[in-house]
Amino acid sequence: MIDKTKKYWTGSNENDIDEWLKLYVENEIDIKPVICNDCHNIEFEIKVDQDEGAIQVKCTKCGKSKLLLNSEEVWEFCEPKQGKCSCKSKKFNVRVGFQRRLNGVVKWVYIGNRCTKCGTLGSFVDWKIDFEPTNEIEKNI
């Protein structure tokens, strides 16, 4: 459940990211969790580039890094910044929200995150998708 009484909205668990994203994005979105493919952990350090529209997550349990969605295509042009909460923590749960066009392909990507230390909800990055098809990027989370 989201607590809206503090300066920054907080969530008690990773599922609250879904509710936060639905409030953040005006139109309907599909939301998928980011889970480490190797150890199934749900806590990550995040690096993002808002200008290029890219995100890299690093599992806090096994240390494996992964570029999500279509980030690999632009990463060489990125100047990624470490995601850090106002409480100074760098560990987050992450969800990906997909806003779709009428034909079903992805129009916009929203990254929702929740600090695992204090529960603060937010979004470090979102970007528009200008190509089709989008099936492959949807699988790359």
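Parameters at a glance
- Residues numbered from 1 in each chain as written.
- Predicted model: local features only at pLDDT ≥ 70, side-chain atom pairs only at ≥ 80, totals over all residues.
- Heavy atoms only, no water.
- Phe/Tyr/Trp six-rings, centres within 6.5 Å; stacked < 30°, edge-to-face > 60°.
- Helix = DSSP H or I, 4+ residues; strand = E, 2+ residues; numbered from the N terminus.
- Buried < 20%, exposed > 50% of the residue type's maximum accessible area, 1.4 Å probe, protein only.
- Lys NZ or Arg CZ within 6 Å of the ring centre and 35° of its normal.
- Contact = heavy atoms within 4.5 Å.
- Polar contact = N/O pair within 3.5 Å; in protein donor to acceptor, adjacent residues only side chain to side chain.

1. As for the packing of aromatic side chains
Reasoning step 1: Taken as a whole, this structure holds four aromatic pairs when the rule is applied.
Reasoning step 2: Both rings, one in F92 and one in F124, keep their centres 5.2 Å apart while their planes meet at 85°; by these two values the pair is edge-to-face. Taken together, the positions of F92 in strand β8 (residues 92-100) and F124 in strand β10 (residues 121-128) put the pair 32 residues apart, joining distant regions of the chain.
Reasoning step 3: Assessed through its relative accessible area of 28%, F124 is described here as partly exposed.
Reasoning step 4: Ring-pair connections join several aromatic residues into one group, and the members of that group are W20, Y24, W108 and Y110.
Reasoning step 5: The cationic tip of K4 hangs over the ring face of W9; the distance from NZ or CZ to the ring centre is 4.9 Å.

2. Focus on the environment of Q82
Reasoning step 1: Relative to the assigned elements, Q82 resides in strand β7 (residues 81-82).
Reasoning step 2: A relative accessible area of 33% places Q82 in the partly exposed class.
Reasoning step 3: Along the primary structure Q82 and F124 are separated by 42 residues, whereas in three dimensions their C-alpha atoms are 9.7 Å apart.
Reasoning step 4: Beyond its immediate chain neighbours, meaning those up to four positions away, Q82 contacts E45, I46, K47 and K90.
Reasoning step 5: A distance of 3.4 Å separates the side chain of Q82 from the backbone oxygen of I46, its partner in a polar contact.

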